[in-house]
Amino acid sequence: MGVALSRAVQWDSSGADKLENTPLNKAMLSEILLFTEEFGARHPQEAKLVFREPLQWKTSLEASDFKTEYDISGESVMSQESDKEGRPLLHLTPPDITVYTFQHLSNLLQLTEDKKMKEVQACLDANRDPLKKILGSNSATVHLDEGEEDELSGEKELEMKLLNNLKELDTKLLNIAVGQITREGRLSPAAVDGEVDQLKSLCGTGESLVLKSVRYTSDYVFSNGCRSPPWRQMDGEICSLIIETCDTEPTLFITCSTTGVFLHEGLIGDVDENSYKTKSDVYQDLVTLLKNKSPHFAKTISEQAIQEVPSEKFQHMETVDEQETGQTLRSYDRREKNVHEKAKQQLVQEKPGGRMKKFEPSLKWKNLGLTSSYDKVEVKKAGRSGEGKNILPHGTKSPASDSKKRANFSETSLQGCRSSQKIKTPGGADDFIESSSEGEEDEEQPDRRAETTTDLPNEYWQIQKLVKYLKGANQTATVIVLCSLRDFNLVQETCQLAIRDVGGLEVLINLLDTEEIRCKIGSLKILKEVCCNSQIRRAIVDLGGLQTMVSILDSSDKELKCLAAETIANVAKFRRARRMVRQHGGIKRLSFPLLLGDIVIPVEIQQTLDSTCRDANFRHIWSGLFIFTAAVELLNCVPDGASVGAERERDMEVARCGALALWSCSKSTRNKEAIRRAGGIPLLARLLRSPQKNMLIPAVGTLQECASERSYRIAIQTEGMIKDLVKNLSSDNQELQMHCASAIFKCAEDKQTRDLVRQYNGLKPLVMLLNEAENKQLLAATTGAIWKCSISMENVAKFQEYKALETLVGLLKDQPEEVLVNVVGALGECAQIPENLATIRKCGGIQPLVNLLIGTNQALLVNVTRAVGACATHPENMTIIDGLDGVRLLWSLLKNPNPEVQASAAWAICPCIENAKDAGEMVRSFVGGLELIVKLLKSPNKDVLASVCAAIAKIAKDVENLAVITDHGVVPMLASLTNTVDDKLRRYLAEAIARCCTWGSNCVSFGDAGVVAPLVRYLRSKDPLVHQSTARALFELSKDPRNCITMHEHGVVKPLVDMIGSTDEVLQEAAASCVANIRHLALVYDKARYG
């Protein structure tokens, strides 16, 4: 349901969040309706599972439509069932409806009768990502590891079952979308132009006239062949036409798009985007539309008069691998992709040594072993040609001539292997879709070729000559040429481009398929150097070089494995390359077999496994355990202070290169998970204990990249890696220190990690690293680790002891933003302890903090506002902040479009108002400030609402300010928020209502706005702070007799009587006062009634 709704469903292109009325959407809505309506009966247990967030939309249902199993109160309807927090699982306040379970969704559809489809569409219009609301934000990555099913129980197991059901629905929806797209024809600019030209040939005068005129609305043709403006091309439009028929009035205004042709509103008068809205059905081509709209055209035209457009013109779209893109591309995007791919193929064919691409069967068929007889013949030919690749012993001369040998080596080893490499896919490779959130992918750089050949150095031409020799050389000459190429400075861009321009990359990659180890090693050494160029990296991936390098990781030659792993590490700098490594099984080879390639299970153990374990899966598991034990011995092979042998050095070099490749690949979210599944975490833990720095740096680098995932942070704790990270903070290698600090920065989100860092004495080394102010990367990682560690107050006490605050305050000036974000965040956490507020002031930290309020970095603004707000809790600090105009700057941040900045600024304003000397006058001095903060009550962000309510509660202490915000409509806005189920918002909303009740007739207005009944429900919350603020609000509201009656009707007396016995004195007094007012009203009523 997630992929289908985000990529296959067709949304309204006008900007409104609504589904278009298309056949595809109708088919998908019907499937969703059928699934939801029958879900309660088919899966009763999963149907009762409460959603993480409710589905909310505007419904056409009314209270009269519901049956007896619901509680109906006037126009409002609530389900009898509620969740753990007391919220009803279905709540209707026309036209708004809130639903928490599939059971009530199913019941709801059964009540709608003939309005089912509209109800489903309204729900999807309001909830564009229902899967996220049903199962939470991480639902897309939920999966089960091997053996984890037995550990699941209760609610988690139901979530997994529900996820599987939703995935099945998603698959059905995607199949519907694919089937619909397959049935539809797709137009291209070439096809439209051809059809328009034929229609123009039918225009003219006389009795046989078919059309009066056919013309384009625009004569400008873009490079892609389209005539529509680019912003309409994004919706698939190709061009617009004006066609005058012999019997149609008015003139036909036609839009041609990739999905078909249709009539639009026309271009009469003022032309805007609404003029291009569809006003007819979509037809397959222009002839079909004209036949339907013009009887004269349909009668006059004959099959001989206009030929059908050749099918080749419509076949402009190549099938895009859905596993590669992860989405259904628009036809316009597909056409653009096809243009670039064809251009690329033409360039390859024009290069020296280029050849026509051999067509290959589909990967899905090839993986099943279904090949044609033609393929078998090709395999036999390849086998025969491969015989010529065997290298003769040194000094032995082949009976064939030198030219024959050159032909055998160059043609058989280089020809015919590229196409097969491009489709090689290891069985079992996952089909993860790369995370779109990755920001580290290199920018596509333009193809930089020398404009002239006069300024090129001699090295350029020498390299080109050597590459030409390489193409036709025999085995020995090939090795010599490779050695000669290595004599050049291959890090220089001119040398790199010389190899690429003459087609040297294809030759070097093809050499990796030969059986000669020396050629492979020489080729990899060159590729390892030249792939520091981003263009070379992309070219290697385009030519299928990564697949070959991954396969080389299975080699028994350790030097070859090292070079392949290092080259993979250099190439996998961008997302597509990392994805390709994973999809071809590179992660598993790097994480496990790369380190263990030479470990062989003894014959007697293998025989025992074969005889005792009948299940192949169990045999595989026990074999893996044996090999893993051997891996531990391998990784623990370097004795302290002892010299290592040559064999062990090679083993450690293999491990180091493997860690380097994993480090590059670990920048991808999917690869992080693949590394974990491949057993990489315990191996990295062993590498982390190595005494060799060149081994530690890639291992720690991989860990700090992967530490952004919670599963890794837990593993780092359980594997005891925090101790090793802390230990390496004292290393003399700054790069190693930086990666260790960065790993702690990410892991310290969890309290247990923060405690472990303190337990292993890691706080002092972090403070010492603050003195390395010249190394900005190290400083950013160190301050980040200190920031996260200071979330625990026990750590803050240690930082006080080590004088860290003084150093942090000194870093508030002349530092890059990534350092400032962390420094200010750390100061904000340390400022939670009152003793540190004076330290920050005495060190001169208030002014630089206030100065940072005028920045634009959103993360920095969030941290600065929090730090300033914490400092404002001290009266002396508040005086300085006020003198620096800090409160005005905070107030101005309420206009920031980022809701996190808005919320943080509002929270900071609260202590400023509370501790200012003349808070009322200060607030009134901000022109438009009160109106601005009241308008923020319309924000959809709950944290913003809670912070603004807290600020309003502080503002309302001043009578004049309360009168002003009342005039700005604060009462109805606060009343509109009372149906919330968020306890944090409930607490501060109740406080704001309590304060606002003290002005004029606000108490009566709140009652008329219907806030009493929702406030009574707040007393069911488990948060005692919500109880306190709610009791105070109810006490203020109880001063109006009608509110007392409403409270009594909704059963407020019993929970208030229970709260009178609370240990919270404020809650006691408020609850008792509210009960007293209700009791007083009852006595007055009895006295008036009975005398």
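Anything mentioned here points back to the structure above.
Overview of the structure. This structure is a prediction, so every number in the text was calculated from the model and none was measured.

Let us look at the overall build of the chain. Each helix and strand counted, the chain has 62 helices and nine strands in total. In the chain, which comprises 1091 residues, the share counted as buried stands at 48%. When contacts within the chain are restricted to residue pairs at least 6 apart in sequence, those whose partners lie at least 24 apart make up 70%.

Here we take up the nonpolar core. Counting 220 residues, the largest nonpolar core has Trp-891 and Leu-974 as the members making the most contacts within it. Dropping the residues within four chain positions of it, Trp-891 is found in contact with Ile-909, Ile-913, Val-923, Phe-926, Gly-929, Leu-932, Ile-933 and Ile-955. Leu-29, Leu-33, Leu-162 and Leu-166 belong to the second-largest nonpolar core, a separate cluster that totals 40 residues.

Once that is clear, we can look at the sheet that holds strand 9 (residues 260-263). Across the sheet, which stays open at both edges, the four strands sit in the order 6-7-8-9 with antiparallel pairing between neighbours. Looking at the sheet topology across the chains shown, the edges are occupied by strand 6 (211-216) and strand 9. On average, each strand axis in the sheet is tilted by 25° relative to the strand beside it, whichever way the strands run. As defined by bridge partners, strand 7 (residues 237-245) adjoins strand 8 (residues 252-257) across six bridges and the pair is classed as antiparallel. Counterpart to Leu-241 in the pairing with strand 8 is Ile-254. Strands strand 6, strand 7 and strand 8 of the sheet are contacted by helix 8 (residues 189-200), whose axis makes an angle of about 150° with strand 6.

Most of strand 8 is tucked away, with six of its six residues classed as buried. Where burial is concerned, the two faces of strand 8 agree: the one with Leu-252, Ile-254 and Cys-256 and the one with Phe-253, Thr-255 and Ser-257 are both buried. As paired strands, strand 8 and strand 9 are joined by four bridges and run antiparallel to one another. Paired with Ile-254 across the strands is Leu-263, a residue of strand 9. Following strand 8, the chain reverses through two residues before pairing antiparallel with strand 9.

This part covers the packing of aromatic side chains. Tallying each qualifying case throughout the model produces ten aromatic pairs. Measuring from centroid to centroid gives 4.9 Å for Tyr-220 and Phe-222, while their planes differ by 90°, and the two rings are edge-to-face. Among the residues examined, Tyr-220 registers a relative accessible area of 53% and is labelled exposed. An angle of 35° between the planes, with centres 6.3 Å apart, marks the rings of Phe-745 and Trp-787 as tilted. Taken as a pair, Phe-745 in helix 38 (residues 734-747) and Trp-787 in helix 41 (residues 776-789) lie far apart in primary sequence, 42 residues in all. The exposure class assigned to Phe-745 is partly exposed, which follows from its relative accessible area of 22%. Taken together, the ring pairs connect Phe-35, Phe-39, Phe-51 and Phe-102 into an aromatic cluster. One cation-aromatic arrangement involves Arg-227 over Tyr-216; the distance from NZ or CZ to the ring centre is 3.6 Å.

Reading across from one edge, 1-5-4-3-2 is the order of the five strands in this open sheet, with antiparallel pairing throughout. Of all strands in the sheet, those bounded by a partner on one side alone are strand 1 (55-58) and strand 2 (70-73). For this sheet, the mean angle separating the axes of adjacent strands, direction not counted, is 10°. For strand 4 (residues 90-93) and strand 5 (residues 96-99), the ladder comprises four bridges, and the chain directions are antiparallel.

The next point concerns the packing of helix 25 (residues 545-552) against helix 26 (residues 558-571). For the pair helix 25 and helix 26, the least separation of the axes is 9 Å and the interaxial angle reads 145°. The two elements helix 25 and helix 26 meet at a crossing, and its hand is left-handed. Residues Leu-546, Met-549, Val-550 and Ile-552 of helix 25 lie in contact with helix 26, whose contacting residues are Leu-560, Lys-561, Ala-564, Thr-567, Ile-568 and Val-571. Across the contact of helix 25 with helix 26, the residue classes tally to eight nonpolar, one polar and one charged.

With that settled, the discussion passes to the pattern of salt bridges. Under the criterion given, the structure shown has 38 salt bridges. Here Glu-921 ties to Arg-924 by a salt bridge, and the two come within 3.2 Å at their closest N and O atoms. With Glu-921 and Arg-924 both in helix 51 (residues 919-924) and three residues apart, the pair spans about one turn of that helix. Its relative accessible area of 42% is what places Glu-921 among the partly exposed residues.

Before going further, it helps to examine the environment of Lys-727. Within the secondary structure, Lys-727 sits in helix 37 (residues 721-728). Given the relative accessible area of 62%, Lys-727 is considered exposed. With 34 residues separating them in the primary sequence, Lys-727 and Asn-761 have C-alpha atoms 9.0 Å apart.

This part is about the side chain of Asn-795. The residue Asn-795 is located in helix 42 (residues 793-801) in this model. Given the relative accessible area of 0%, Asn-795 is considered buried. For Asn-795, the side chain forms a polar contact with the main-chain oxygen of Cys-789, separated by 2.8 Å. Ignoring any residue separated from it by four or fewer positions in sequence, one finds Asn-795 in contact with Arg-754, Arg-758, Leu-763 and Cys-789.

Looking now at the pairing of strand 1. Side chains Leu-55 and Trp-57 of strand 1 all project onto a buried face; the interleaved residues Gln-56 and Lys-58 project onto a face where none is buried. As judged from the four bridges shared by strand 1 and strand 5, these two strands associate in the antiparallel manner. Of the residues in strand 5, the one forming a bridge with Leu-55 is Val-99.

This part covers the packing of helix 61 (residues 1053-1060) against helix 62 (residues 1065-1090). Running from amino to carboxyl end, helix 61 crosses helix 62 at an angle of 140°, the nearest separation of the two axes being 8 Å. As the angle between them shows, helix 61 and helix 62 are arranged oblique. Along this stretch, helix 61 crosses helix 62, giving a crossing that reads as left-handed. Residues Val-1053, Leu-1056, Val-1057, Met-1059 and Ile-1060 of helix 61 form the contact with helix 62, whose own contacting residues are Leu-1067, Gln-1068, Ala-1071, Ala-1072, Cys-1074, Val-1075 and Ile-1078. Grouping the amino acids of the contact of helix 61 with helix 62 by side-chain chemistry returns eleven nonpolar, one polar and no charged.

Definitions and limits used
Residues numbered from 1 in each chain as written. Predicted model: local features only at pLDDT ≥ 70, side-chain atom pairs only at ≥ 80, totals over all residues. Heavy atoms only, no water. Helix = DSSP H or I, 4+ residues; strand = E, 2+ residues; numbered from the N terminus. Buried < 20%, exposed > 50% of the residue type's maximum accessible area, 1.4 Å probe, protein only. Contact = heavy atoms within 4.5 Å. Core = buried A, V, L, I, M, F, W, Y, C linked by side-chain atoms within 4.5 Å. Pairing = 2+ DSSP bridges. Axes fitted to C-alpha atoms, helices over the stretch in contact; angles between N-to-C directions. Phe/Tyr/Trp six-rings, centres within 6.5 Å; stacked < 30°, edge-to-face > 60°. Lys NZ or Arg CZ within 6 Å of the ring centre and 35° of its normal. Left-handed = near helix turned anticlockwise from the far one by under 90°. Nonpolar A, V, L, I, M, F, W, Y, C, P; charged D, E, K, R; others polar. Salt bridge = Lys/Arg side-chain N within 4 Å of Asp/Glu carboxyl O. Polar contact = N/O pair within 3.5 Å; in protein donor to acceptor, adjacent residues only side chain to side chain. Parallel < 35°, antiparallel > 145°, perpendicular 65-115°, else oblique.

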